[in-house]
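Structural overview for review
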Amino acid sequence: TPGVGSDDVALDLGLGTSALKDADGNTWEVNSQITIYDDQASVTFTGTETTYSGEGFEGSWNINFGADGAAESNHTVLEWTYTGKDGHPVQGSANVSAGQDIAVPGGVITFDADSGNYRFVPEADQEGGSYELTLSATDGAGDTVSKFFEVTVENRPYTAPKFRGPTDSPET
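Residues numbered from 1 in each chain as written. Predicted model: local features only at pLDDT ≥ 70, side-chain atom pairs only at ≥ 80, totals over all residues. Heavy atoms only, no water.

**Some points on the sheet that holds strand β9 (residues 107–112)**
- Read across the sheet, 5 strands follow the order β3-β5-β10-β9-β8 without closing on themselves; strand pairing throughout is antiparallel. Looking at strand neighbours, the two that pair on one side only are β3 (42–46) and β8 (101–104), the edges of this open sheet. Adjacent strand axes in the sheet meet at a mean angle of 20 degrees, parallel and antiparallel pairs treated alike.
- Of the strand pairs in this sheet, β9 and strand β10 (residues 117–122) are connected by 6 bridges, and their pairing is antiparallel. (Pairing = 2+ DSSP bridges. Helix = DSSP H or I, 4+ residues; strand = E, 2+ residues; numbered from the N terminus. Axes fitted to C-alpha atoms, helices over the stretch in contact; angles between N-to-C directions.)

So this is what it looks like as structure tokens:
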């Protein structure tokens with residue numbers, strides 16, 4: 001029986017195939033089968049691709065579960081792979097809840113379901129690296145969709161103060 005939580009369903013009305021003819025003499029074959037297609041969930045996940053140690057940024061996220069609704073448990077998951085300057089990847093995952101701080105190596109990500117925004121803040125002393133973030137959602141029919149996003153964290157370049165004249169006092 002079709003309904004919430006089901007996949008595509010084909011219903012055969014048992015009338016066989018018929019031929020239709022229009023006033024111009026064109027004919028078409030028509031069968032008596034109706035197909036109900038399962039809609040798929042969709043995910044958007046965007047933000048800044050490069051940021052600096054200690055400087056956060058906001059991005060947006062949205063999940064549309066379609067007619068099947070969200071799965072009863074563990075329906076939204078953030079997975080990450082962090083690769084630091086040493087080149088060794090660290091992987092992890094967490095269930096996403098509104099307002100929850102998710103600790104990732106060298107930073108924190110907070111999701112806000114009300115605004116559809118998230119905030120990512122790398123630690124101030126982080127020496128750079130990259131994050132591969134994947135946000136996945138599963139609908140009530142068990143269909144899972146994912147959106148991939150990559151963020152690079154760089155060190156803020158040091159700028160030496162400029163001096164003027166013989167007093168050696170920094171310029172302002």
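**Observations regarding the environment of Gly87**
- Tracing the backbone shows Gly87 in the loop between β6 (76–84) and β7 (89–95).
- Residue classification places Gly87 among the partly exposed residues on the basis of a relative accessible area of 46%. (Buried < 20%, exposed > 50% of the residue type's maximum accessible area, 1.4 Å probe, protein only.)

**Observations regarding the nonpolar core**
- Counting 26 residues, the largest nonpolar core has Phe45, Leu78, Phe111, Tyr118, Phe120 and Leu133 as the members making the most contacts within it.
- Within the residue set of this core, elements represented by two or more residues are β3, β5 (57–64), β6, β8, β9, β10, β11 (129–138) and β12 (144–154).
- Residues in contact with Phe45, not counting those within four places in the same chain, are Ser60, Trp61, Leu78, Phe111, Tyr118, Leu133, Leu135, Lys147 and Phe149. (Core = buried A, V, L, I, M, F, W, Y, C linked by side-chain atoms within 4.5 Å. Contact = heavy atoms within 4.5 Å.)

**What to know about a nonpolar patch on the surface**
- Taken together, the side chains of Leu11, Leu13, Leu15, Ile34 and Ile36 define a hydrophobic patch exposed on the protein surface, amounting to about 450 Å² of accessible area.
- At the level of elements, β1 (9–21) and β2 (27–36) are the ones that each hand at least two residues to the nonpolar patch.
- For the nonpolar patch, the element with the most residues is β1, which contributes 3 residues.
- Looking at the element boundaries, Ile36 is found in strand β2.
- Ile36 sits in the partly exposed class, given a relative accessible area of 36%. (Patch = residues over 30% accessible without salt bridge, like charges linked within 9 Å, V, L, I, M, F, W, Y side chains within 5 Å. Areas by Shrake-Rupley, 256 points an atom, 1.4 Å probe, with all protein chains shown as cover. Salt bridge = Lys/Arg side-chain N within 4 Å of Asp/Glu carboxyl O.)

**What to know about the packing of aromatic side chains**
- Under the counting rule described, the total for this entry stands at 9 aromatic pairs.
- Seen in terms of ring centroids, Tyr82 and Tyr131 are 4.7 Å apart; in terms of plane orientation they differ by 40 degrees. Their pairing is tilted. Of this pair, Tyr82 sits in strand β6 while Tyr131 sits in strand β11, placing them 49 residues apart in sequence. Here Tyr82 and Tyr131 have matching classes, each one buried. (Phe/Tyr/Trp six-rings, centres within 6.5 Å; stacked < 30°, edge-to-face > 60°.)

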